[in-house]
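Structural overview
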Number of protein chains: 2
Amino acid sequence: MNNEQTTSAPKLWVILARTYNAVAVYLESTIAAEGLGLSDFAALEVLLHKGPLTMSAIAEKVLLANASMTSAIDRLDERGLVRRVNSESDRRVRIVELTAQGRTFISAIYERHERELEALMGGLSRAERNQLRHLLKKLGYAASVASRANKEEHQQ
Amino acid sequence: MNNEQTTSAPKLWVILARTYNAVAVYLESTIAAEGLGLSDFAALEVLLHKGPLTMSAIAEKVLLANASMTSAIDRLDERGLVRRVNSESDRRVRIVELTAQGRTFISAIYERHERELEALMGGLSRAERNQLRHLLKKLGYAASVASRANKEEHQQ
DNA sequence: GAATCTTATTTCGATATCGAACTATCTTAT
DNA sequence: ATAAGATAGTTCGATATCGAAATAAGATTC
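This write-up is about the structure you can find in this document. This one's a predicted model, so the numbers in the text were calculated from it and none came from an experiment.

Residues and elements named next belong to chain B. Taking strand neighbours across the sheet as the criterion, the 3 strands line up as E1-E3-E2 in an open arrangement whose pairing is antiparallel. The open sheet has two free edges, formed respectively by strand E1 (53-54) and strand E2 (82-86), since each of these has just one partner strand. Pairing analysis gives 2 bridges linking E1 to strand E3 (residues 94-98), with the strands arranged antiparallel. In the sheet register, Thr-54 faces E3, and the bridge partner there is Ile-95. Relative to E3, helix H2 (residues 38-50) is tilted by about 85°, and along the sheet it contacts E1, E2 and E3. Against the sheet, helix H4 (residues 66-78) touches E2 and E3, its axis set at about 115° to E2.

Core analysis: the largest hydrophobic core is formed by 94 residues, its most contacted members being Trp-13 and Ile-58 of chain A together with Trp-13 and Ile-58 of chain B. Structurally, this core is a two-domain feature, drawing no fewer than three residues from each of domain 1 (9-122) and domain 2 (125-156) of chain B. Not counting the four nearest positions on each side in its chain, Trp-13 of chain B is found in contact with Tyr-20, Val-23, Ala-24, Leu-27, Leu-38, Leu-117 and Met-121 of chain A.

The local shell around DNA strand C holds 20 residues, among which Ser-39 and Ser-68 of chain A together with Ser-56, Arg-92 and Arg-94 of chain B are the closest. Per the 4 Å cut-off to the protein, sugar and phosphate atoms form 72% of the nearby atoms of DNA strand C. Ser-68 of chain A is positioned such that a nitrogen or oxygen atom in its side chain is 2.5 Å from a phosphate oxygen of DNA strand C. In this structure, a phosphate oxygen belonging to DNA strand C sits 2.2 Å away from a side-chain N or O atom of Ser-56 of chain B. Breaking the surface near DNA strand C down by element, the ones donating at least two residues are helix H4 (66-78) of chain A together with helix H3 (55-61) and H4 of chain B. The element contributing the most residues to the surface near DNA strand C is H4 of chain A, with 4 residues.

A common way to report how large an interface is uses the accessible area buried once the components associate. Taken together, the contacts link 60 residues of chain A with 60 residues of chain B. The interface formed by chain A and chain B holds 2 salt bridges in total. Among the ionic pairs, Glu-128 of chain B bridges to Lys-138 of chain A, the shortest N-O distance being 3.2 Å. Remark: the boundary between chain A and chain B carries 18 residue pairs in polar contact (both at pLDDT 80 or more). Residue assignment for the side of chain A that touches chain B shows that the elements contributing at least two residues are helix H1 (9-31), helix H3 (55-61), helix H5 (100-120) and helix H6 (126-155) of chain A. Of all the elements, H6 of chain A adds the most residues to the side of chain A that touches chain B, at 21 residues. Within the side of chain A that touches chain B, the residues separate by chemical class into 30 nonpolar, 18 polar and 12 charged.

What follows concerns a positive patch on the surface. Taken together, the side chains of Lys-11 and Arg-18 of chain A together with Lys-50, Lys-61 and Lys-137 of chain B make up a positively charged region of the molecular surface. In this fold, Lys-61 of chain B is placed in helix H3. Lys-61 of chain B sits in the partly exposed class, given a relative accessible area of 40%.

Moving on, we get to the relation of the copies chain A and chain B. Expressed as a screw transformation, the operator carrying chain A onto chain B has a rotation angle of 180° and an axial translation of 0.0 Å, and the superposed copies differ by an RMSD of 0.0 Å. On this basis, the relationship between the two copies can be described by a two-fold rotation axis. Most of the interface of chain A is mirrored in chain B, where 100% of its interface residues again form contacts.

Calculation notes
Residue positions within a chain follow its written sequence, with the count starting from 1. For naming, the first written chain is A and the first written ligand is 1, with later ones following in the order written. Two thresholds apply to this predicted model, a pLDDT of at least 70 for residue-level local features and 80 or more for giving and counting side-chain atom pairs, whereas whole-chain, interface and lining totals are computed over all residues. Note: side-chain values were computed over all heavy atoms of the structure, leaving out hydrogens and water. Any two strands with at least two DSSP-identified bridges between them are counted as paired. The helix and strand labels rest on DSSP assignments: H or I over at least four residues marks a helix, E over at least two residues marks a strand, and numbering proceeds from the N terminus. Contacts are residue-level and defined by heavy atoms, with any inter-residue pair within 4.5 Å sufficient. In this description, a line fitted to the C-alpha atoms serves as the axis of each element, helices being fitted only across the stretch in contact, and the angle between N-to-C directions of two axes falls anywhere from 0 to 180 degrees. Each nonpolar core is a collection of buried residues, namely Ala, Val, Leu, Ile, Met, Phe, Trp, Tyr and Cys, held together in the definition by side-chain atoms within 4.5 Å. Per-residue accessibility, obtained with a 1.4 Å probe over protein chains only, is compared with the maximum for each type, and a residue is labelled buried under 20%, exposed over 50%, and partly exposed between these values. For every domain, the bounds stem from an assignment made automatically or drawn from a database. Think of it this way: one heavy atom of a residue within 4 Å of a molecule or strand is enough to make that residue near it. Whenever two N or O atoms come within 3.5 Å, that pair is a polar contact, provided that in protein one can donate a hydrogen and the other can accept it, and provided that, for residues adjacent in sequence, both atoms are side-chain atoms. Salt bridges are counted wherever a side-chain nitrogen of Lys or Arg sits within 4 Å of a carboxyl oxygen of Asp or Glu. Amino acids outside the nonpolar list (Ala, Val, Leu, Ile, Met, Phe, Trp, Tyr, Cys, Pro) and the charged list (Asp, Glu, Lys, Arg) are all regarded as polar, and Gly is one of them. Exposure above 30% relative accessible area and the absence of a salt bridge qualify a residue for a patch, where like charges join within 9 Å and nonpolar side chains (Val, Leu, Ile, Met, Phe, Trp, Tyr) within 5 Å. Here the open area of atoms and residues is found with the Shrake-Rupley method and a 1.4 Å probe, where only the protein chains shown may cover a residue. Under the convention used here, Asp and Glu are negative, Lys and Arg are positive, and both His and the chain ends fall outside the count. Taken as the charge location is NZ of Lys, CZ of Arg, CG of Asp or CD of Glu. Copy-to-copy alignment: least squares on C-alpha atoms, limited to residues at pLDDT 70 or above in both.

Spelled out as structure tokens, the structure:
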């Protein structure tokens, strides 16, 4: 790697976008056959690993607006993969959980997904992965700070 | 940074997605006031820096399907920011170029965009940016290779 | 040089997503 | 206790995007 040259911020943003896109396109292609999009897959995945969650909690984890979450869970509900249960303690809240069928379904797909993703990143050493994680988090943190600042400035 | 722990591939993918999303949301918020989305902005930007291009060439650069590019250029055309010119040498081709108004418009916005992006990445040293670029490219390359393999496998 | 294949762009229909408005419920302050 | 405000979820209308089909023109093959 040549550490002499300088990478401009716009260039780095373009590379980030292209890389994200390349991985997303690949992952989409691997689950498209199951009739799943990346968002629906992510919702199932979070339910598998975190257990039953409220609509808002899922939406926050998978980076979707609440309105979009309603549609997503509707889709999964119609396929019998998840179920909405009314909360006992708070009647506004609907808790979403996997059905038995949904659990079997996502478990199998996720296992394969994990293997494919590990294969994809097989070229990155442990140190490289940690580096990449560290740098991405740093950048992501800066962006969310900047977003908040921008939002407050504009809405008041 | 702790290089002892291992970063799993799924975890790294989630971080990549969140970082991409955080930066995208921020950048969107900075150009939303101009009535531009990120794709339309990207199309104008590429025309500013690469000069007039065909529909397909723009679509490829900004990672949009051709069909989406038609809509995007329609929007920009209606606002008087770009113009379609029929190619002399190939009558299938329509070359898109900035109008004078479009050039003034995107020049000003891009300059600001560049400053904001540099500020956003101000926390990354030159070495860190180069590292990040290197690692992202490596990952992106692996993903596009995997995508191609997957595509060929599935379509035949 | 006619038929076939490829390429560039647009049209069309479907869909995922969003923000804003709305409803229902819970919480807080007085 | 009541009013005011906050929160959870949904509905609604708008929009960006896509893949597939359509159209038109070039390129290739025989």
